[in-house]
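# Survey of secondary and tertiary structure
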Amino acid sequence: MLGVITELVNQGLAKDDSYILLCNDGSTDRTWEVIEKFHMRDAAVKGISLAHNRGHQNVLLAGLMTVKDHCDAAVSIDADLQDDPNAILEMVRKFHEGKEIVYGVRSSRDTDTWFKRNTAHAFYSFQNIMGLETVYDHADYRLMSNRALELLAQYGESNLFLRGIIPQIGLDNDIVTYARNERVAGESKYPLAKMLSFSIDGITSFSARPMRWIFMTGLLLLAVDIVVALYVLVSYFFSDHISAGWASLMLSIWALGSMILIAIGIVGEYIGKIFVEVKHRPRYAISDKLWD
């Protein structure tokens, strides 16, 4: 990354006081010690450490808000070495052309397994169906201008989904495509279960469409109930006997019971979001900071 900054300075795309901010999400390993050593070697490497593990979105926001008053633009990138840092050069060029937000978008998913690739595509498609505006094949690798960061600071929700918030800012934006590398070490922090949870968080934070679908499903079931009621009444008055219909009755009970539980769960997700938001608790706390 320091090499990228040097190249930006040499090309006149960045000032010579540009820097890297490393963000530690309250980890219990030696991450902060490593950041301190990097800072001692080079003052261009700065760092912050959260007092408690608050999750990827919160530590990312903490970093962006820390640099907000000390930069013309900031680029966020994960530390798993999968995102190509050379794409930052093109991002900064687009910033100088007047773009306020530049998204890093994967050119392909060839490095993913078949399962990961298809679940990721399903993830984005499901979000679009639910009315959530996101950038396809974009994670959190992006450039944001100082003005974009100032506007981002006005979003005060506790349930953070930056991939949904930032497109709503609405400033002039563009994309830069890059080839994503295979993971160097460790395992992905977004397996299927977490991806589903992340998607649900995003949808329930930005769209009321699931609750509207529940209402429309209820109306549809009401129409079906009316038809069934008419059938039963006609059979009662004009037939010698009514079939016991045990199988259809049991299937109906199970189907309706499942739909009721799903509906309660969806509404519960929204109530849970409201419960967290009304508390107005701090989203993170910074315990240590290396800035000088």
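Read on for a plain summary of the structure. (Residues numbered from 1 in each chain as written. Predicted model: local features only at pLDDT ≥ 70, side-chain atom pairs only at ≥ 80, totals over all residues. Heavy atoms only, no water.)

### As for the nonpolar core
In this structure, Leu64, Met144, Leu152, Leu162, Ile166 and Ile169 are the most contacted members of the largest nonpolar core, which totals 26 residues. At the level of elements, strand E2 (45-50), helix H3 (56-67), strand E4 (101-106), helix H6 (146-152) and helix H7 (162-169) are the ones that each hand at least two residues to this core. In terms of residues, this core owes the most to one element, H3, which gives 7 residues. Not counting chain neighbours up to four residues away, the residues in contact with isoleucine 166 comprise Ile101, Tyr103, Arg142, Met144 and Leu152. Core analysis: the next-biggest nonpolar cluster, separate from the first, contains 13 residues, Leu13, Ile88, Val92 and Tyr141 among them. (Core = buried A, V, L, I, M, F, W, Y, C linked by side-chain atoms within 4.5 Å. Buried < 20%, exposed > 50% of the residue type's maximum accessible area, 1.4 Å probe, protein only. Helix = DSSP H or I, 4+ residues; strand = E, 2+ residues; numbered from the N terminus. Contact = heavy atoms within 4.5 Å.)

### Some details on the sheet that holds E2
The strands that make up a sheet are held in pairs by hydrogen bonds between backbone atoms, and each pair lies either parallel or antiparallel. Spatially, 3 strands are ordered E1-E2-E7 in an open sheet, and the strand pairing comes out mixed. Edge positions in the open sheet fall to strand E1 (20-24) and strand E7 (286-290), since each of these has one partner strand only. Neighbouring strand axes in the sheet, compared pairwise and without regard to direction, differ in orientation by 15° on average. Relative to E2, E1 runs parallel, the two being bridged by 5 bridges. Bridging from a neighbouring strand, cysteine 23 pairs with isoleucine 48 of E2. In this fold helix H2 (residues 31-41) packs onto E1, E2 and E7, with an angle of close to 155° to the strand it touches most, E2. (Pairing = 2+ DSSP bridges. Axes fitted to C-alpha atoms, helices over the stretch in contact; angles between N-to-C directions.)

### Quick look at the environment of histidine 39
By the element assignment, histidine 39 lies in helix H2. Residue classification places histidine 39 among the buried residues on the basis of a relative accessible area of 15%. Sequence spacing of histidine 39 and leucine 22 is 17 residues, and the spatial spacing of their C-alpha atoms is 9.6 Å. Contacts of histidine 39, omitting those with residues within four sequence positions, involve Val45, Lys46, Leu290, Trp291 and Asp292.

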